[in-house]
Amino acid sequence: DEKSYFVGMVTTTNQGVTFKDDGTNFFVVSSGNASQHTCATPWSVDTASFDYVTNTLTFVSGGATECVFKPDGTKIFVIGSGTPKVVPYNTLLT
């Protein structure tokens, strides 16, 4: 029985997803932002909720294509299709 979580309320141009190492949080990356979500049960996306936290990816041109969490969850690192660099963004996670 596959469970899912609808992220269309934040964006319809989803490019990638990355989870915090403990599975409690994840970010969905779109062309212009990264939205933060929390899983009530780690790794169970059917228990997820949107945290109403969005990082605008102002330094990533061409749209974000991928992001990775710092293991402690305090930063995400994003790369874009038109950006020849990795850009760090702070999260509100501790």
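Our structure's up above, just so we're on the same page.
As the structure is a computational prediction, the values presented were derived from the model and not from experiment. What you see as residue numbers is a count from 1 along each chain, following the sequence as written. Owing to the predicted nature of the model, reporting of local features is limited to residues with pLDDT of at least 70; listing and counting of side-chain atom pairs is limited to 80 or more, with chain, interface and lining totals taken over all residues. Just so you know, side-chain values use all the structure's heavy atoms and leave hydrogens and water out.

1. Here we look at the pattern of salt bridges
So, step 1. For this document, the term salt bridge refers to a Lys or Arg side-chain nitrogen within 4 Å of an Asp or Glu carboxyl oxygen. In this structure the tally under the stated criterion is two salt bridges.
So, step 2. Between Asp-22 and Lys-20 there is a salt bridge whose closest N-O contact spans 3.9 Å.
So, step 3. Of the charged contacts, one joins Asp-72 and Lys-70 as a salt bridge, the two residues approaching to 3.9 Å between their closest N and O atoms.

2. Examining the sheet that holds strand 6 (residues 75-80)
So, step 1. Strand order in the open sheet formed by three strands is 5-6-7, with antiparallel pairing between adjacent strands. One side of each edge strand has no neighbouring strand; the edge strands of this open sheet are strand 5 (64-69) and strand 7 (86-90). If you compare each strand with its neighbour and ignore which way they point, the axes differ by 30 degrees on average.
So, step 2. Inspection of the sheet shows strand 5 paired to strand 6 by five bridges, in the antiparallel sense. Directly across from Val-68, in strand 6, lies its bridge partner Phe-77. Paired strands, in this sense, are two strands between which DSSP finds at least two bridges. In this description a helix means any DSSP run of H or I spanning at least four residues, a strand means any run of E spanning at least two, and both kinds are numbered starting from the N terminus. Lines fitted to the C-alpha atoms define the axes, with helices restricted to the stretch that makes contact. Angles between their N-to-C directions range from 0 to 180 degrees.

3. Examining the sheet that holds strand 2 (residues 25-30)
So, step 1. In space, the four strands of this open sheet follow the order 1-2-3-4, with antiparallel pairing throughout. Looking at which strands have only one partner, the edges of the open sheet turn out to be strand 1 (14-19) and strand 4 (48-56). Taken pair by pair, the neighbouring strands of this sheet meet at an average axis angle of 25 degrees, ignoring direction.
So, step 2. Note that strand 1 and strand 2 share five bridges and pair antiparallel. Across the sheet, Asn-14 pairs through a bridge with Ser-30, a residue of strand 2.

4. Some remarks on the packing of aromatic side chains
So, step 1. What counts as a ring pair is set by centres within 6.5 Å for rings of Phe, Tyr and Trp (its six-membered ring), and what kind of pair is set by the plane angle: stacked under 30 degrees, edge-to-face over 60, tilted for all other angles. Considering all chains together, one arrives at five aromatic pairs under this definition.
So, step 2. On the numbers, 5.9 Å between centres and 85 degrees between planes, the contact of Tyr-5 with Phe-26 is edge-to-face. In this pair, Tyr-5 sits in the segment before strand 1 while Phe-26 sits in strand 2, placing the two residues 21 residues apart along the sequence.
So, step 3. Between Phe-50 and Tyr-52, the ring centres sit 4.8 Å apart and the planes meet at 50 degrees, which makes this aromatic pair tilted.
So, step 4. Put simply, the rings of Tyr-5, Phe-19, Phe-26 and Trp-43 pair up and form one aromatic cluster.

5. Regarding the pairing of strand 6
So, step 1. Here the term buried applies to any residue with accessible area under 20% of the maximum for its type, exposed to any over 50%, and partly exposed to those in between, with areas from a 1.4 Å probe on protein chains only. Side chains of strand 6 alternate between two faces, with Ile-76, Val-78 and Gly-80 buried and Lys-75, Phe-77 and Ile-79 left unburied.
So, step 2. In the sheet, strand 6 pairs with strand 7 via five bridges, with the strands oriented antiparallel. Bridging across to strand 7, Lys-75 finds its partner in Asn-90.

6. Here we look at the environment of Thr-74
So, step 1. Within the secondary structure layout, Thr-74 lies in the loop between strand 5 and strand 6.
So, step 2. Given the relative accessible area of 25%, Thr-74 is considered partly exposed.
So, step 3. Two N or O atoms form a polar contact when they lie within 3.5 Å of each other; inside protein one atom must be a possible hydrogen donor and the other a possible acceptor, and for residues adjacent in sequence the pair counts only when both atoms belong to side chains. A polar atom in the side chain of Thr-74 sits 2.7 Å from the side chain of Asp-72.

None of this, on its own, says anything about what the molecule does.
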